[in-house]
Amino acid sequence: REAFEAVGITPQNSFTLENLFRTQTQLAYSAGRWQANQDEAIQEVLWGYKYVTVGDDRVRPEHRGLDGVTATKDDPIWRRIWPPNGYSCRCSTIEVFEPRDVVRPPPVVEIGGKEYVPGPDKGFAYNPGQWFGSLASAG
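What you see is a predicted model, and the numbers here were worked out from it, not measured in a lab.

(A) Representation of unusual backbone geometry. With omega at 5°, the peptide bond leading from Pro83 into Pro84 counts as cis. As for its position among the elements, Pro84 is in the loop between α5 (78–81) and β3 (92–96). The backbone of Ser88 sits at a positive phi, close to 55°, despite the residue not being glycine. As for its placement among the helices and strands, Ser88 is situated in the loop between α5 and β3.

See below:
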């Protein structure tokens, strides 16, 4: 209890602990999915990915602008926008097994009269599966 209180996690703001737990769980899940998809058998049939949000009113505008982005599995965009793209991000990707039109994010999206640049939150512009995979292969 003292350790939690020392870092500001108290019953009045327990959301901090929940936020960290959700984000770390999503990072681990996302990294595991990426690594699993690197299997040779999956790579043979995998064409690419589609970025999706949960589609509700809590989706961040910057993430909403990424909804529907579709690209090949080796497109460099996945180095930058692979979810989670922020704390407690609920976005995901869907594996695509047949060729589709590539859909790029728009330069800006207007939501509620305000413009936003689609992309990850500060500090989240990386692919956790590639990052953690590079650590594992480095020894």
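Moving on, there is more to tell.
(B) Just the nonpolar core, in detail. Tyr49, Tyr51, Val69, Ile77, Trp78 and Ile81 are the most contacted members of the largest nonpolar core, which has 13 residues in total. When contributions to this core are tallied by element, the ones reaching two or more residues are β1 (48–52) and α5. Contacts of Trp78, omitting those with residues within four sequence positions, involve Trp34, Tyr49, Lys50, Tyr51, Val69, Ala71, Thr72, Lys73, Thr93, Asn127 and Gln130.

(C) Just the layout of surface pockets, in detail. Roughly 230 Å³ of internal volume is contained in the largest pocket. Residues that form the lining of the largest pocket fall into these classes: 4 nonpolar, 2 polar and 4 charged.

(D) Highlighting empty space enclosed by the protein. By the definition in use, this model includes 1 cavity of 30 Å³ or more. The calculated volume of the largest cavity comes to roughly 30 Å³. Along the walls of the largest cavity sit Gln26, Tyr29, Ser30, Arg33, Pro83, Pro84, Cys91, Ser92 and Thr93, which together make up its complete lining. Only α2 (15–37) and β3 provide two or more residues apiece to the lining of the largest cavity. Among the elements that make up the lining of the largest cavity, the one with the highest residue count is α2 (4 residues).

(E) Structural view of the pattern of salt bridges. Going through the model one piece at a time under the given rule, you end up with 6 salt bridges. One salt bridge connects Arg1 with Glu5, and the closest N-O pair in it is separated by 3.3 Å. Judged by relative accessible area, Arg1 falls into the exposed class, the value being 76%. In this structure, Arg33 and Glu95 form a salt bridge, with 2.7 Å as the shortest nitrogen-oxygen distance. Pair noted here: Arg33 is in helix α2 and Glu95 is in strand β3, with a separation of 62 residues, a long-range link.

Thresholds applied
Residues numbered from 1 in each chain as written. Predicted model: local features only at pLDDT ≥ 70, side-chain atom pairs only at ≥ 80, totals over all residues. Heavy atoms only, no water. Helix = DSSP H or I, 4+ residues; strand = E, 2+ residues; numbered from the N terminus. Core = buried A, V, L, I, M, F, W, Y, C linked by side-chain atoms within 4.5 Å. Buried < 20%, exposed > 50% of the residue type's maximum accessible area, 1.4 Å probe, protein only. Contact = heavy atoms within 4.5 Å. 1 Å grid on protein atoms, 1.4 Å probe; cavity = no way out; pocket = protein on both sides within 12 Å on 5 of 7 lines; lining within 4 Å. Points joined across faces, edges and corners; volume = space filled by probe spheres on them. Nonpolar A, V, L, I, M, F, W, Y, C, P; charged D, E, K, R; others polar. Salt bridge = Lys/Arg side-chain N within 4 Å of Asp/Glu carboxyl O.

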